[in-house]
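Below are the chains, spelled out letter by letter.
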Amino acid sequence: LKDLDDCRIAMDCLKVIRDHFISIDSSLMLIEQTYAMFQQFQLEVPPDDEERVDGLRYQFNTMMETAAQVGARVDKLQGPLLTELQNGVAKFKNDVEQFDDDFVKKGPMVEGIPAKEASDRVLLFDARVQELSRQFELFSNGEKLFGLPLNDYPVLAKRKRDINFLNRLYKLYL
């Protein structure tokens, strides 16, 4: 586990394991009881099937041990990751403000620039807004993971819409 995304994936996996633990364990017990009954009544069972049944419990127990280890690692990383998230969100807010300022002052909607230059600027700002959107998803997932209030960035959504419309316009124009 290196970052918030890894932590989120691990937490999602641990949730799936918790959600399905009882049904899997019950199914395994039923399978084990069935095969024990086969042996009790001396019914012939292919050796491969017996090995698979024996291996199921072992694999299930191994999965549970691994889940416990991952849970412990997530707990240990929680403090540093929360700090990393909070620092990242603060930097992201500044990045969004800087992006908006750049869009207004140096963007494709600046008056008096030729259409070709405006089209080129749309492409540049589109790349930046896509990267900011990716970061927004990452930080939103982190905020959800830690149960923090979700930050909203309406200016990012507005600029994304603006760029989408400008992309359409310049594709028609050029």
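Everything in this summary refers to the structure shown in the same document. (Residues numbered from 1 in each chain as written. Predicted model: local features only at pLDDT ≥ 70, side-chain atom pairs only at ≥ 80, totals over all residues. Heavy atoms only, no water.)

Some words on the overall build of the chain
This is how the line gets drawn: What counts as a helix is a DSSP run of H or I of at least four residues, what counts as a strand is a run of E of at least two, and both are numbered from the N terminus. Here the globule rule reads 2.2 Å times residues to the power 0.38, and the radius of gyration is calculated from C-alpha atoms. By definition in these notes, contact holds between two residues if any of their heavy atoms fall within 4.5 Å. Only the protein chains shown count as cover for residues, and the accessible areas themselves come from Shrake-Rupley with a 1.4 Å probe. Charged-residue counts in this description rest on Lys and Arg as positive and Asp and Glu as negative, His and the chain ends being excluded. A charged residue contributes its charge at one atom only: NZ of Lys, CZ of Arg, CG of Asp or CD of Glu.
Summing up its helical and strand segments, the chain has four helices and zero strands in all. Starting at the N terminus and walking to the C terminus, you meet the elements of the chain as α-α-α-α. Relative to the 2.2 N^0.38 estimate, which gives 16 Å for 174 residues, the radius of gyration of the chain is 27 Å and therefore markedly larger than a compact globule would have. By its C-alpha atoms, the chain is 90 × 40 × 20 Å across when sized along the principal axes. Considering only intrachain contacts with a sequence separation of at least 6, the fraction spanning at least 24 residues in the chain is 76%. Entry remark: accessible area of the chain is about 12000 Å², with carbon and sulfur atoms responsible for 57%. In the chain, the 23 positive side-chain charges and the 30 negative ones have mean positions that sit 10 Å from each other.

A look at helix α4 (residues 154-173)
Rule in force here: Here the expected span of a helix is defined as 1.5 Å times the quantity of residues minus one. Buried residues are those whose accessible area, probed at 1.4 Å on protein chains only, stays under 20% of the maximum for their type, while exposed residues exceed 50% and partly exposed ones sit between those limits. Working note: the arc is built from the helix axis to C-beta atom directions.
The first and last C-alpha atoms of α4 sit 28 Å apart over 20 residues, in line with the 28 Å expected at 1.5 Å per residue. Here α4 has its buried residues at L156, R159, D162, I163, L166, N167 and Y170. Within α4, the buried residues cover an arc of 145° as seen down the axis, which keeps them to one side. Residues of α4 that are exposed and angled more than 90 degrees away from the buried face: P154 and L172. On the buried face of α4, the contacting elements are α2 (47-106) and α3 (115-145).

What to know about unusual backbone geometry
In this structure, Q42 is a non-glycine residue whose phi angle is positive, near 55°. You can call Q42 exposed: its relative accessible area is 72%.

Section: the packing of aromatic side chains
Two numbers describe a pair of aromatic rings. These are the distance of the centres and the angle of the planes. Here is the rule we go by: In this scheme Phe, Tyr and Trp rings, the latter by its six-membered ring, pair at centre separations within 6.5 Å, and the angle between planes marks the pair as stacked below 30 degrees, edge-to-face above 60, and tilted otherwise.
Going through the model one piece at a time under the given rule, you end up with eight aromatic pairs. With centroids separated by 5.6 Å and ring planes inclined at 25°, the aromatic side chains of F21 and F60 adopt a geometry described as stacked. One end of the pair, F21, is in helix α1 (residues 4-40); the other, F60, is in helix α2, and 39 residues separate them in sequence. Geometrically, the ring pair formed by F136 and Y153 is edge-to-face, given 5.7 Å between the ring centres and 90° between the ring planes. Residue F136 is found in helix α3, and its partner Y153 is found in the loop between α3 and α4; the two are separated by 17 residues along the sequence. Here Y153 falls in the buried class, since its relative accessible area comes to 11%. Through pairs of rings, three or more aromatic residues link up here, namely F92, F136, F139 and Y153.

Focus on the nonpolar core
Defined as follows: Among buried residues, those of type Ala, Val, Leu, Ile, Met, Phe, Trp, Tyr and Cys that are joined through side-chain atoms within 4.5 Å constitute a nonpolar core.
Of all hydrophobic cores here, the largest spans 23 residues; its most connected members are L85, F92, F99, Y153, L156 and I163. If one sorts the elements of this core by residue count, α2 sits on top with eight residues. Excluding its chain neighbours within four sequence positions, the residues that come into contact with F92 are L132, Q135, F136, F139, Y153 and L156.

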